[in-house]
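# Fold and geometry: a report
Spelled out from the first residue to the last, the chains are:
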Amino acid sequence: MRNNILKGVLLVALGATSYGMLATFVKLAYKDGFTTAEVTSSQFIYGILGLLLINLFQKIFKKEKTKTATSKNVFQLMIAGTSLGMTSVFYYLCVRYIDVSIAIVLLMQTVWMGVLLEWFLDKKLPSKQKIISVIIVLLGTFLATKLYEFNLKLDWKGVFWGILAAASFTTTMFTANKVAIEISSAGRSLYMLLGGGVIVFIFSAFTQVGALNFDIFKNYGLFLALFGTIIPPILLNAGFPKTGLGLGSIVASLELPVSVLMAFLILNEKVVIWQWSGIALIILAIVIMNLNFSKKKH
């Protein structure tokens, strides 16, 4: 049992680390002159092709039969996947205007947004544990985004897209584990990615000025697809059943420090001690929210 949990922790940690690397390389793609439309399109095209191949191999080599998706399942998963496409578009637009170290903190506002959504859907007040977590997240965000600086110049466009990215990511997290769960994780990931792809391609069609620069496919597309739309969903779907949702969510919060560390090391973004303190507080809030403090009954 312990080895199984350890394996799950490792899988979730690797999946979260993969996600954490993304924004830094998106920023590098921007520096090389690529547009948001080119970045998202290349990521989703490679991602869809990769998951098509994975599903094909599973069909050929897997001995036990998995449940085939019905047309209703496909439609539901594609609708759920539209929020996945919106998260990528909004987050990458956010990264265009503000530092990666601040963009990832804005994305992590899913913690309190998830509590609000749960409250709205369940019509039940959040527990004290969740309310404390939300307060800690807000305090951590205040420090991590350097809002304490009076002369801080944050581009409002970046903040706007960052909050929208967090809202759509919250929707993705709620729908991902509730829609057509009887289908294989690779199958579910593919259909959700197809739904997200529709959003990305519509966005690209309306925003791309001039011809698409196909160099994005050889320079960044494959990397972004591997570490954004292929490897993480597979690792997280394999790891969460072993760790359980609580422990898995705590381990998945590794995405936050990894993203900031990558921005610090590769992009030379200045990250001060107060920002690291804020990041630590946000991770602490995720731990508090997901730990079971209730005493066991004998």
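Residues numbered from 1 in each chain as written. Predicted model: local features only at pLDDT ≥ 70, side-chain atom pairs only at ≥ 80, totals over all residues. Heavy atoms only, no water.

## Examining the overall build of the protein
Using the following cut-off: Counting from the N terminus, the helices are DSSP H or I runs at least four residues long and the strands are E runs at least two residues long. Here the globule rule is a power law, 2.2 Å times the number of residues to the power 0.38, and the radius of gyration is based on C-alpha atoms. Partly exposed describes any residue whose relative accessible area lies between the buried limit of under 20% and the exposed limit of over 50%, with all areas from a 1.4 Å probe on protein chains only and scaled to the type maximum. In this analysis, two residues are considered to be in contact whenever any of their non-hydrogen atoms come within 4.5 Å of each other. Per-residue and other accessible areas follow the Shrake-Rupley method at a 1.4 Å probe size, with only the shown protein chains counted as cover for residues. Positive charges come from Lys and Arg, negative ones from Asp and Glu, while His and the chain ends are left out of the count. Note that the charge is assigned to NZ on lysines, CZ on arginines, CG on aspartates and CD on glutamates.
Each helix and strand in the protein was counted, giving 12 helices and zero strands. Here the C-alpha radius of gyration of the protein, 19 Å, is about what a compact globule of 298 residues would show, namely 19 Å. If one aligns the C-alpha atoms of the protein with their principal axes, the spans along those axes are about 65 × 55 × 35 Å. With 298 residues in all, the protein has 47% of them scored as buried. Taking all contacts inside the protein whose residues are at least 6 apart in sequence as the whole, residues at least 24 apart take part in 89%. Carbon and sulfur atoms make up 69% of the accessible area of the protein, which amounts to about 16,000 Å² in all. In the protein, 26 side chains carry a positive charge and 12 a negative one; their mean positions are 12 Å apart.

## Describing the pattern of salt bridges
Rules: A pairing counts as a salt bridge when a side-chain nitrogen of Lys or Arg comes within 4 Å of a carboxyl oxygen of Asp or Glu.
Taken as a whole, this structure holds two salt bridges when the rule is applied. Close ionic contact of Glu118 with Lys130 constitutes a salt bridge, the shortest N to O distance being 2.4 Å. Placement of the pair is Glu118 in helix α5 (residues 110-122) and Lys130 in helix α6 (residues 128-144), with a sequence separation of 12 residues. For Glu118, a relative accessible area of 28% translates into the label partly exposed. Its salt-bridge partner being Lys218, residue Asp215 comes within 3.8 Å of it at the nearest N-O pair. With Asp215 and Lys218 both in helix α9 (residues 215-243) and three residues apart, the pair spans about one turn of that helix. Under the relative-accessibility criterion, Lys218 is labelled exposed at 66%.

## What to know about the nonpolar core
For clarity, the cut-off: Side-chain atoms within 4.5 Å link the members of a nonpolar core, which is a set of buried Ala, Val, Leu, Ile, Met, Phe, Trp, Tyr and Cys residues.
Counting residues in hydrophobic clusters, the biggest one holds 57 residues, and the most contacted among them are Val39, Tyr91 and Val95. Residues within four places of Tyr91 in sequence aside, it is in contact with Ala23, Ala103, Ile104, Leu107, Ala165 and Ser259. One finds Leu77, Val179, Ile183 and Met192 within the second-largest nonpolar core, a separate group that totals six residues.

## Some thoughts on α5
Selection criterion: What a helix should span is 1.5 Å times the count of its residues minus one.
End to end, α5 covers 17 Å across 13 residues, agreeing with the expected 18 Å (1.5 Å per residue, within 8%). Considered for burial, the residues of α5 that qualify are Thr110, Val111, Met113, Gly114 and Val115. Directly beyond the C-terminal end of α5, a positive phi value near 55° is found at Lys123.

## Here's the deal with the environment of Ser41
Applied cut-off: Polar contact is defined as a pair of N or O atoms within 3.5 Å, subject to the rule that within protein one atom must be able to donate a hydrogen and the other to accept it, and that residues adjacent in sequence are counted only when both atoms are side-chain atoms.
With respect to the helices and strands, Ser41 occurs in helix α2 (residues 36-61). In this structure the C-alpha to C-alpha distance between Ser41 and Asp99, which are 58 residues apart in sequence, comes to 22 Å. In contact with Ser41, other than residues within four places in its own chain, are Val200, Phe201 and Ser204. Polar contacts involving the side chain of Ser41 include one to the main-chain carbonyl oxygen of Ala37, which spans 2.7 Å.

## Focus: the packing of aromatic side chains
As a reminder of what qualifies: The aromatic pairing rule takes the rings of Phe, Tyr and Trp, using the six-membered ring of Trp, and pairs them if the centres are within 6.5 Å, calling planes under 30 degrees apart stacked, those over 60 edge-to-face and the rest tilted. For a Lys NZ or an Arg CZ to count as sitting over a ring, it must be within 6 Å of the ring centre and within 35 degrees of the ring normal.
Applying the stated criterion to the full structure yields eight aromatic pairs. On the basis of an interplanar angle of 35° and a centroid distance of 4.6 Å, the ring pair of Phe223 and Phe227 is categorised as tilted. Here Phe227 and Phe223 lie together in helix α9, a separation of four residues that amounts to about one turn. Residue class for Phe223 comes out partly exposed when judged on its relative accessible area of 24%. An aromatic cluster of at least three residues, connected via ring pairs, comprises Phe25, Phe223 and Phe227. Arg96 extends its terminal NZ or CZ atom over the ring of Tyr30, reaching a point 4.0 Å from the ring centre. Lying over the aromatic face of Phe120, Lys123 brings its terminal NZ or CZ to 4.9 Å of the ring centre.

## Here's the deal with the environment of Thr36
By secondary structure assignment, the location of Thr36 is in helix α2. We classify Thr36 as buried; its relative accessible area is 6%. Taking the C-alpha atoms as reference points, Thr36 and Pro257, 221 residues apart in sequence, are found 24 Å from one another. Within polar-contact distance, the side chain of Thr36 engages the side chain of Arg96 at 3.3 Å.

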